[in-house]
Amino acid sequence: MGVEGLRTFIESSNRNDLRSWAFRDSRLIIDGCSLYYTLYFDCNLDQMHGGDYDDFEELIIRFFENLRDCDIHPYVVLDGGADHTDKKWDTLRKRKQEKINAAFTLSAGKRAKVLPILVKNVFRQLLHKLKVPLIQCLEEADWEIAALAKEWDCPVLSNDSDFYVFNLRAGFLPITHFQWKNVNVNRHTNKKFIQAKHFTVGKFCESFRMNLELLPVFATILGTDYVDLQNIKSLGWEKYSTPDTEHARIDGLLNWLSQFPGTDAAVSALLKLTRNKEKPLVQEALSKGIQEYKLISGYLAQFFLSKTIPQTASTGPLQVLPTWTLSLLLEGKMSSSIIDALVHQRVSLTIQVEDFKLPCCSETSRPIRQVIYGLLLPGEQQTADKLESAIKTFTGTSKHYVEEYGRQQSKLSSQKVEAIKTRVMEGLQLETLWKEPHNVRLQVLLDTLGVSSETVREIQPALQLQLFVTSYWLVNAQPPPSKVHLWGLLLGMVYGQFSSTPQTQRDMLLKLKKLQSGRRGISLEHKTAHLYSQWQSCLKWGLCLNRLLCFPVSEPEVARLYRGRLVHDVVEELRRGITLHSLLVRGSNTERLFKQLKDAVVSSVGEDFIKKMRSGLMHRAAGKTQRDFKGQNQPVDELSSCFEHLVCEDIDNCEDDDDDNDDDLKGKSRKSKAKDHKTENPDVSYTTRTRHKAKARNADHSSKEYDRDASSSL
């Protein structure tokens, strides 16, 4: 939600709507999505290289520690699935294109804001670890947040301008004015507090001598995410504004509304300004807009206090959610994407910084999502009503589909994707999935990620999911990753594992730290960015599948798995010829963990697969032949020899052909390069693609790669 222009108006320098407040000793309802967006962007964390999740984790820890020091008791609320009425779908689609534009801009080296794909996962995991009360709503969260704040009579922390409209007696604290980094101490009471800016609709309306019940009318006319009254919005409200006012349209509309005693009188006056043929539509839109801001008791208070599942989940469109999933969803332990897949048969894919000449990074993880859809949609044991609302089938076929929204080059596109079932999934029902034996649920995960059951026994539980996903990525990513991409990813995992350990362990990572700190200005290498974006997409949906299957394997700490700038730097240095020996201390715990990770990947994909991978080393000078290159310090041999003490087998020293001419991992020739895309921001447009055919893995051979129809690529 959001009200066009309202935040800028209220926070303008010539107004006094935000009052200073030494905030402490109170409950605080936090808009979780707004919090992690604001903190990530305001603290200048990495976006171009896929995110620095451990730095983000440190920020969140510090934020909640400072709240605790001031006796502030946080309750965090996250958005869930899209509204079942689809009243915001047009707005969501426009914002999706805006996110594509932003990722495209950032990939071209220009300034933009792109939230890394795993930020929400890191945020949820960390709040559970910190024992911060958290709820993930079943649908959008704004109304429920406001209802809870009214019920508990405590303020809301957010940056959403809708909270300037909800009638909350305890008021609203904008995150951008919440000085959480600087905890102050009252000299008289010796108690700590956080300096904040405080807003209440009562004081705001008093400044215009306006009935506060008219504020929802004002917001609806101005334009919200749900209602856009263009004809009413452009009626020339500026003529009612105070002279020399910076925001004349908003000021004029507020002055005009202040002459009416209540909502009915204002709506009647507005209808008189509307053409007869438009009156019914305008009246309906105003009624809906006003209704959005009426607050009654919601379900958050009960769930926070007693884990009571709301009755609304058992009626209407949300009844397609099985009872066992509701608690996990509300606790933030299951992805809200399953709500969209079940209720709308639609999933919005996260756009990342990637190579826009290549197919969307989410293509690589599509087979994982198809298994998720296969678990969700074919529900023969559901009631007829549930089937009618939850499952849309196409004429003449019993197949089930989900419409995925991603990108085709730099344009928003959609694609019908078939839900699939592997052999082990036959007979599984969503209603009773949680009751299935552990080995059955585990086998679904293994079949999907192409991992043999023998491999599982060779990997310690804490490392399993991240390595299963890495093996899947190696086999399925396009273009194929080289060895340096694999080594860079594994070194990033090693860094993440030891970066929070005692100083003696951290000393073993000094070379990696120096490498990272010395190259903060590294430019974006698009192929590397694309490959790691594919890996992150695979991890996101691998986590989602593991949760839906009730955790057949342990969930790793996501913040420890990927540090964008570091892995990009490592890849760059390895390609230039630096040896792994120079980055890992021989005999150290870091080296042993690297060997453990590497051995597990080799065990999963096979030694021959690793041998056939390209080294990824670059030529030292343009125009030099491979023979000339190998004569200079032999970096290929150095890279291999540094593994002789890590692994028993010898890594194959095959010649390093030019990346653009190498064959892929199966010996098939790679597709020709796409035409160069322009670096300007793309025009906003919308295309729809409906043809997609996906084939499941052979369930008898779980490591076999999914076959893909070439026509399915965006």
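Residues numbered from 1 in each chain as written. Predicted model: local features only at pLDDT ≥ 70, side-chain atom pairs only at ≥ 80, totals over all residues. Heavy atoms only, no water.

A. Broad picture of the overall build of the protein chain. Of the regular secondary structure elements, the protein chain holds 29 helices and 12 strands. Per-residue burial over the protein chain gives 58% buried out of 714 residues. At a minimum sequence separation of 6, the contacts of the protein chain that also span at least 24 residues come to 76%. Working note: accessible area of the protein chain is about 30500 Å², and carbon and sulfur atoms make up 46% of it. (Helix = DSSP H or I, 4+ residues; strand = E, 2+ residues; numbered from the N terminus. Buried < 20%, exposed > 50% of the residue type's maximum accessible area, 1.4 Å probe, protein only. Contact = heavy atoms within 4.5 Å. Areas by Shrake-Rupley, 256 points an atom, 1.4 Å probe, with all protein chains shown as cover.)

B. Just the sheet that holds strand β8 (residues 192-198), in detail. Strands sit in the order β1-β8-β7 across an open sheet of three strands; the sheet is antiparallel. In the strand order of this sheet, the two ends are held by β1 (19-23) and β7 (183-185), each with one partner. The sheet shows a mean angle of 45° between the axes of neighbouring strands, direction not considered. Where β7 meets β8, three bridges bridge the pair, whose relative direction is antiparallel. Residue V185 lies in a different strand from β8, and its bridge partner there is K192. (Pairing = 2+ DSSP bridges. Axes fitted to C-alpha atoms, helices over the stretch in contact; angles between N-to-C directions.)

C. Structural view of the packing of helix α24 (residues 526-548) against helix α25 (residues 564-576). Orientation of α24 relative to α25, taken along the N-to-C sense of each, is 130°, at an axis distance of 11 Å. Taken together, the axes of α24 and α25 lie oblique to each other. As α24 runs across α25, the sense of the crossing is right-handed. Contact with α24, carried on its side by T528, A529 and Y532, involves V567, H568 and V571 of α25 and no other residues of that element. For the contact of α24 with α25, the class distribution of residues is four nonpolar, two polar and no charged. (Parallel < 35°, antiparallel > 145°, perpendicular 65-115°, else oblique. Left-handed = near helix turned anticlockwise from the far one by under 90°. Nonpolar A, V, L, I, M, F, W, Y, C, P; charged D, E, K, R; others polar.)

D. Representation of the packing of aromatic side chains in the model. With the rule as written, the count across this model stands at 30 aromatic pairs. Ring geometry for Y75 against F304: centres 5.1 Å apart, planes inclined by 75°, an arrangement best described as edge-to-face. Here the residue Y75 occupies a position in strand β3 (residues 72-78), and F304 occupies one in helix α13 (residues 300-306), the gap between them amounting to 229 residues. Just as Y75 is buried, F304 falls in that class too. Among the aromatic side chains, those forming a connected cluster through ring pairs are F9, F163, Y164, F166, F172, F199, F204, F208 and Y293. (Phe/Tyr/Trp six-rings, centres within 6.5 Å; stacked < 30°, edge-to-face > 60°.)

E. View of the pairing of strand β10 (residues 401-408). Taken across its eight residues, β10 has seven buried, putting it largely inside the fold. With three bridges connecting them, strand β9 (residues 346-348) and β10 associate as parallel partners. Bridging across to β10, V347 finds its partner in E404. By the bridge criterion, eight bridges tie β10 to strand β11 (residues 411-418) in an arrangement that is antiparallel. Looking across to β11, one finds that R407 is bridged to L412.

F. Structural detail: helix α3 (residues 53-69). Given a rise of 1.5 Å per residue, 17 residues ought to cover 24 Å, and the 24 Å separating the end C-alpha atoms of α3 matches this to within 8%. Where α3 terminates, the next one or two residues include D71, which has phi positive at roughly 55°. (Expected span 1.5 Å × (residues − 1).)

G. Spotlight on the pattern of salt bridges. Within the structure shown, the criterion is met by 22 salt bridges. As a salt-bridge pair, K129 and E557 come within 3.3 Å of each other at their nearest N and O atoms. With K129 in helix α5 (residues 119-130) and E557 in the loop between α24 and α25, this pair connects stretches of sequence that are 428 residues apart. Through salt bridges with shared partners, a single ionic network connects D52, D54, D55, R563 and R565. (Salt bridge = Lys/Arg side-chain N within 4 Å of Asp/Glu carboxyl O.)

H. Highlighting the pairing of β11. Burial analysis of β11 places six of its eight residues in the buried class, which makes it a mostly covered element. Between β10 and β11, which pair antiparallel and follow one another directly, the connecting turn spans two residues, one of which, Q409, has a positive phi of 55°.

I. Looking closely at the packing of helix α8 (residues 215-222) against helix α10 (residues 248-257). The interhelical angle for the contact between α8 and α10, taken along N-to-C directions, is 140°, at an axis separation of 10 Å. Comparing the axis directions of α8 and α10 gives the class oblique. Two packed elements cross with a definite hand, and for α8 against α10 that hand is right-handed. On α10, the residues that touch L215, V217, F218, I221 and L222 of α8 are R249, I250, L253, L254 and L257.

J. Structural context of the confidence of the model for the protein chain. Taken as a whole, the protein chain shows an average pLDDT of 81; of its residues, 78% reach a score of 70 or greater. Confidence drops under a pLDDT of 50 for residues 380-397, and excluding neighbours within four residues, the segment shows 33 contacts in the predicted structure. Note that pLDDT drops below 50 for residues 619-714; the model gives that stretch 198 contacts with residues more than four away or on any other chain. (pLDDT = per-residue confidence, 0-100.)

K. Summary view of the state of the cysteines. Summed over the entire model, instances satisfying the criterion amount to zero disulfides. Of all cysteine sulfurs, the one in C33 lies closest to C137, which takes part in no disulfide; the gap is 9.1 Å. Given a relative accessible area of 1%, C137 falls into the buried group. No disulfide involves C538; its nearest neighbouring cysteine sulfur is the one of C361, lying 9.2 Å away. (Disulfide = S-S within 2.5 Å.)

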